[in-house]
Amino acid sequence: MKVPLKWIRELTGVETDTDTLISKIRSQLGEVESVEELDEKYRKILLAKIDKAEAHPNADTLGVFQVDIGSGSSIQVVAGDKSLKEGDKVAYIPPGTKVPYNPRPEQHDGVVQAITLRGVESNGMLASERELDLGPDHTKVLVIQTDRSAGTPISEVLELDDTVIDIENKALTNRQDCFGIIGIAREVSGIVGKPFTSPQWFTEPQTTLDKVLTDSTNDLSLHVSNEAEALCQRYTAIVLKDIKVAPSPIWLKAKLIKSGLRPINNVVDITNYIMILLGQPLHAFDYDKLRSKDPNAKDGAYITVRTARSGEKITTLDGQTHDLYEDNLLICDSTNPIAVAGIMGGSETEIDENTKNIVIESANFDMYNNRKSSMQLGISTDAVTRFSKGLDPEAALAGLAMAIEMVIDLTGGTPASEVIDVYPGRTSKKQDQIQIDLSYLNSRLGTSLSRQEVIDTLSNVELTSTKTDPGLLVQIPSFRRDLNIEEDIQEEVARLRGYDQIPITLPKRSLLPVDQNPLVRLKTKVRDSLIDLGLNEVLTYNFISLKDLERLDLRPEKSYRLTNPLSPELEFMRPSLAPSLLDKVKKNLLGTNSRVGLFEINKAHHKDNVAEDGLPIELELMGIVIADEQYDPKISGAGYYHLKAYWTELLANLSISNTDLISLSKVDMKLIPEWYKDNLGLFDQNASAVIILRTDVGDRFVGFLGELNPTLVKKLKLPRTTLYLEVDLLQLVEWYSSVSKYNEPSRFPFISYDLCFILDADVPYTAVEVPMKKVLHEENLNSKIEAVDIYRSEDQKKEGMKQITLRVNLNHSQRTLTNDDAKEIIKRIVRAVRRETNATVKE
């Protein structure tokens, strides 16, 4: 939002020096992105008076002029405008000065030189409108109507001796009133402690209308129909006739230029001026073009506010043709679109130099529809910037009243119809009010403000208050749509008085830290544990490509597809972390690394995993991938057990003991959710397991771990031993406690026994381990079970048997265990294992 400070001073009377004012705006209103001193590019340009005008002796199109620049002697200048006459005042650019606007910088540096033109010396330049960056006309020298004397800096004459600050739009997002100079002026008054009063045309638009409509002819009819009341809360319009389209006066051009807009013509400039001043966009239609394009406009012009119909198109003022979406809000004649509401007008009703009669529109459109339509059509305008913030419908009539008055003054037009005001959003309820408690306000801000100080602070920005017990009743004007609750008023008081004015005091109440989210605690512990185990964390996009899905044989129809992907490689929401992690493995193995251990904690989505209301459930997953090009199973054992060791260590760190592993080839598929069955193809069925959580209400699926399918490994060109683990962290949250429990270590020695069980090859390791743990738990001993060996001799292979050797470490916390004690415990362990597995013990 570009803000000329001179304009602010005109509206407020604030005399604070520029540096202090900018500092207060930056700290109390919004970040100032840039500060531009406009007079820098006009600094050496002077107002000159033509003393003598003669024809050039050697050129029919040139004139020779003697100009007075207040120095006491005339300067000779040759210019390509023979219409200039004695007494005219113009802008003189002396030699060595750069023109404010250079249309061809690639050909010329724009610095004026003293030269000889067709044999006549020219000492400087008389500037056109375009060369002064005031408009598009470069065919003649700009004649300036002013009573200022020759030699006055042109920046003063044209009111361009100004400082323009650019306030960051994001800082004003919830302040729709601050997208107009009046709103900014009100805020500036408030932050310097000076009362602000809005102009009468803004607060009482009907008074202005009563004045300007006195001579209305009412001979050009306009019919307005609002068929989209939910999207158009208010629509006001009027017809004006006999206007003369011409360049705007200098003061108006200067206001627009300082605000970042280029002047076009007086009608369009008026609508832009009011948009900048008030924050209310307006649009002007050519009345005669509007009627000529409408087959039903026999008794006058028609305007219909409606949404687009299937197949409709419109060519906008920028010359682009747009296919319209059916929820785009349009301004139409009785049949065809003439503008995209609140975004851009259509080219068929454009104002041009031949326009005689116009329709001026000032309306209020739905902010959400406006923003959506702008994105759909790819059109961004100053009007969109304002409408998308949610404008005050009460400002629509004020903007129209001001526009009518300016059109009459600057174009010579006459009102030719009544003011149309279709206002379905009008409400009869009283003005919004917010009750505030003065002691509560002071306690929250850490201040000791009196009631009168608060009243004065708020009244400076036109928030009137009445005294109540125990505080104030604040009246909220319609232009402050951001004030809804008591805390909003508290923030307003603090901001207007200045945060630096609030004394620094320690809190006088007990403050307890907010308890951390359980899932966040779990993620933090998992992350720390896996890093301690030597794995590296990665963070990848939640989006993947179709090729990523197909490489892993994952069904694309089960993944959510984005309608507006950042790129074709980020088209689908991933159903698992596997595509992302495995892709990172390949990239990390391209260098000198032969072993990669990565993990990721992130989200995934699957179409089969939805809540009861049909909305997608975000999967909170943790994935681990380990790939080792040098790993030899014959030496180091099966990769499955290598990955299981990581999982076992992680569970120990989380103090979670009620999990179990079931071979993927033997698991009951009913345990596996539908949304995760797509991942089964990733794993080698004989070297992978499902992770199950044992609970009182039944078994619960947690995830998978194991070796990747050899076919997939070959297809992806990964190392032969590539291990993958993925678990659903939401299933573990309730079983993880971040509170550490301290168990005093026993000072008595351990006794170790090795037990070798011979049993059927199909019996899983856990069938031996679980009964052993149960016995040790009942004995209330400190114990540890270690797998020493899993072995099959040739005879055992023929008989379908295997042997598992386990080392049991026993220790008591209160006394030394005797051999008899230990032997009795071992006997109970052996009986428990035999009962569960029919195993025999090898002596």
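If you're wondering where the values come from, they're calculated on a predicted model, not measured in any experiment. (Residues numbered from 1 in each chain as written. Predicted model: local features only at pLDDT ≥ 70, side-chain atom pairs only at ≥ 80, totals over all residues. Heavy atoms only, no water.)

Novice: A description of the overall build of the chain should follow, citing residues and the corresponding values.
Specialist: Each helix and strand counted, the chain has 24 helices and 38 strands in total. In summary, the chain has a C-alpha radius of gyration of 40 Å against a globular reference of 28 Å for 843 residues, an excess of more than 25%. Its C-alpha atoms give the chain principal-axis dimensions of roughly 130 × 75 × 65 Å. Buried residues in the chain amount to 50% of all 843 residues. Across the chain, the fraction of contacts at a sequence separation of at least 24, relative to all contacts at a separation of at least 6, is 70%. Within the structure as shown, the chain displays about 41,500 Å² of accessible surface, and the carbon and sulfur contribution to it stands at 47%. Positive and negative side-chain charges in the chain, numbering 100 and 126 respectively, have mean positions lying 5 Å apart. (Helix = DSSP H or I, 4+ residues; strand = E, 2+ residues; numbered from the N terminus. Rg over C-alpha atoms; globule rule 2.2 N^0.38 Å. Buried < 20%, exposed > 50% of the residue type's maximum accessible area, 1.4 Å probe, protein only. Contact = heavy atoms within 4.5 Å. Areas by Shrake-Rupley, 256 points an atom, 1.4 Å probe, with all protein chains shown as cover. Lys, Arg positive; Asp, Glu negative; His and termini not counted. Charge placed at Lys NZ, Arg CZ, Asp CG, Glu CD.)

Novice: Outline the pattern of salt bridges, listing residues and values.
Specialist: Throughout the structure, instances matching the rule amount to 55 salt bridges. Put simply, Asp 608 and Lys 558 hold a salt bridge, and the shortest N to O gap is 3.1 Å. One end of the pair, Asp 608, is in the loop between β29 (595–604) and β30 (619–628); the other, Lys 558, is in the loop between α17 (546–551) and β28 (572–573), and 50 residues separate them in sequence. Note on Asp 608: relative accessible area 32%, which makes it partly exposed. One network of salt bridges, in which partners are shared, links Arg 175, Asp 177, Glu 187, Arg 480, Asp 482, Glu 492 and Arg 495. (Salt bridge = Lys/Arg side-chain N within 4 Å of Asp/Glu carboxyl O.)

Novice: I'd like to hear about the packing of aromatic side chains, residue by residue, with values.
Specialist: Taken as a whole and judged by the stated rule, the model has 12 aromatic pairs. Ring geometry for Trp 251 against Tyr 273: centres 5.7 Å apart, planes inclined by 90 degrees, an arrangement best described as edge-to-face. Linking Trp 251 in helix α7 (residues 250–258) with Tyr 273 in helix α8 (residues 266–278), this pair joins segments that are 22 residues apart in sequence. Seen in terms of ring centroids, Phe 683 and Phe 704 are 5.4 Å apart; in terms of plane orientation they differ by 25 degrees. Their pairing is stacked. In this pair, Phe 683 is assigned in strand β32 (residues 683–695) and Phe 704 in strand β33 (residues 698–708), connecting sequence segments 21 residues apart. A relative accessible area of 1% places Phe 683 in the buried class. Taken together, the aromatic side chains of Trp 675, Tyr 676, Phe 683, Phe 701, Phe 704 and Tyr 724 make up a single cluster linked through ring pairs. (Phe/Tyr/Trp six-rings, centres within 6.5 Å; stacked < 30°, edge-to-face > 60°.)

Novice: For the UniProt feature "domain: FDX-ACB" (unreviewed entry) in the chain, give the residues involved together with the corresponding values.
Specialist: Here the UniProt feature "domain: FDX-ACB" (unreviewed entry) sits at residues 746–842. Each end of residues 746–842 is marked by a C-alpha atom, and these two atoms are 31 Å apart; helix forms 40% of the span and strand 34%. (UniProt positions renumbered as here; feature names shortened; annotations may be inferred.)

Novice: Describe in detail unusual backbone geometry, supporting the description with residues and values.
Specialist: Residues other than glycine predominantly adopt negative phi, and peptide bonds predominantly adopt the trans conformation. Note that the residue after Asp 469, namely Pro 470, is joined by a cis bond; omega there is 20 degrees. One non-glycine residue, Glu 462, adopts positive backbone phi at about 65 degrees. By the element assignment, Glu 462 lies in the loop between α14 (451–459) and β24 (465–467). Here Ser 655, not a glycine, exhibits a phi torsion of approximately 55 degrees, which is positive. Judged by relative accessible area, Ser 655 falls into the exposed class, the value being 59%.

Novice: Talk me through the nonpolar core; I want residue IDs and the actual numbers.
Specialist: With 77 residues, the main nonpolar core has Ile 25, Ile 184, Tyr 273, Ile 274, Ile 360, Val 454 and Ile 489 as its most contacted residues. Considering every element that reaches this core, the biggest residue donor is helix α12 (residues 395–411), with 10 residues. For Ile 274, the contacting residues outside a window of four places in its chain are Gly 279, Gln 280, Leu 282, Gly 399, Met 402, Ala 403 and Met 406. Counting 38 residues, the second largest nonpolar core, distinct from the first, contains Leu 577, Leu 598, Leu 664 and Phe 701. (Core = buried A, V, L, I, M, F, W, Y, C linked by side-chain atoms within 4.5 Å.)

Novice: I'd love a proper account of the environment of Asp 51, names of residues and values included.
Specialist: Within the fold, Asp 51 resides in strand β3 (residues 46–55). Accessibility expressed as a relative area gives 32% for Asp 51, which makes it partly exposed. When near neighbours in sequence (up to four residues on either side) are disregarded, Asp 51 contacts Gln 66, Val 67, Asp 68, Ser 74 and Glu 86.

Novice: Quick rundown of the sheet that holds strand β37 (residues 801–811)? Include the residues and the values.
Specialist: Taken together, 4 strands build an open sheet; the order of strands is β36-β37-β35-β38 and the sheet is antiparallel. This sheet does not close on itself; its edge strands, each paired only once, are β36 (782–791) and β38 (840–841). Pairing of strand β35 (residues 751–760) with β38, which is carried by 2 bridges, proceeds in the antiparallel orientation. Bridge assignment links Phe 757 to a residue of β38, and that residue is Val 841. (Pairing = 2+ DSSP bridges.)

Novice: I'd like to hear about the sheet that holds strand β2 (residues 32–37), residue by residue, with values.
Specialist: Taking strand neighbours across the sheet as the criterion, the 3 strands line up as β1-β10-β2 in an open arrangement whose pairing is antiparallel. Looking along the sheet, the strands with just one partner apiece sit at the ends: β1 (2–4) and β2. On average, each strand axis in the sheet is tilted by 20 degrees relative to the strand beside it, whichever way the strands run. Two elements, β2 and strand β10 (residues 163–167), share 5 bridges in a ladder whose sense is antiparallel. For Glu 37, the partnering residue across the bridge sits in β10 and is Thr 163. With respect to the sheet, helix α1 (residues 5–12) is in contact with β1 and β10, its orientation differing from that of β1 by roughly 60 degrees. (Axes fitted to C-alpha atoms, helices over the stretch in contact; angles between N-to-C directions.)

Novice: Any details on the state of the cysteines? Residues and values, ideally.
Specialist: The tally for this structure, following the rule as stated, stands at 0 disulfides. Free cysteine: Cys 332, not disulfide-bonded; nearest cysteine sulfur from Cys 232 at 12 Å. Cys 332 gets classed as buried once you look at its relative accessible area, which sits at 0%. (Disulfide = S-S within 2.5 Å.)

Novice: Give a description of a positive patch on the surface that names residues and reports values.
Specialist: A surface patch of like charges, here positive, comprises Lys 774, Lys 823, Lys 827, Arg 831 and Arg 835. Among the elements that line the positive patch, the one with the most residues is helix α24 (residues 819–837), at 4 residues. When you line up the elements, Arg 831 lands in helix α24. With relative accessibility at 44%, the residue Arg 831 sits in the partly exposed group. (Patch = residues over 30% accessible without salt bridge, like charges linked within 9 Å, V, L, I, M, F, W, Y side chains within 5 Å.)

Novice: Provide a residue-level description of a negative patch on the surface, including the pertinent values.
Specialist: Judged by side-chain charge, Asp 17, Asp 19, Glu 36, Glu 37 and Glu 40 come together as a negatively charged surface patch. Positionally, Glu 40 belongs in the loop between β2 and β3.

Novice: Give a description of the packing of α1 against helix α4 (residues 181–191) that names residues and reports values.
Specialist: Running from N to C, α1 and α4 point in directions that differ by 70 degrees, and their axes come no closer than 9 Å. Viewed along their axes, α1 and α4 adopt a mutual orientation that is roughly perpendicular. The interaxial crossing formed by α1 with α4 has right-handed handedness. Where α1 abuts α4, its residues Trp 7, Ile 8, Leu 11 and Thr 12 lie against Ile 181, Ile 182, Ile 184, Ala 185, Val 188 and Ser 189. Here the contact of α1 with α4 is composed, by residue class, of 8 nonpolar, 2 polar and no charged. (Parallel < 35°, antiparallel > 145°, perpendicular 65-115°, else oblique. Left-handed = near helix turned anticlockwise from the far one by under 90°. Nonpolar A, V, L, I, M, F, W, Y, C, P; charged D, E, K, R; others polar.)

Novice: Which residues make up the environment of Ile 379, and what values do they have?
Specialist: Mapped onto the secondary structure, Ile 379 falls in the loop between α10 (367–377) and α11 (382–387). Along the sequence, Ile 379 and Thr 321 sit 58 residues apart, while their C-alpha atoms lie 11 Å from each other. In this view, Ile 379 contacts Thr 316, His 322, Ile 343, Met 344, Ser 374 and Val 384; residues no more than four positions away in its chain are not counted.

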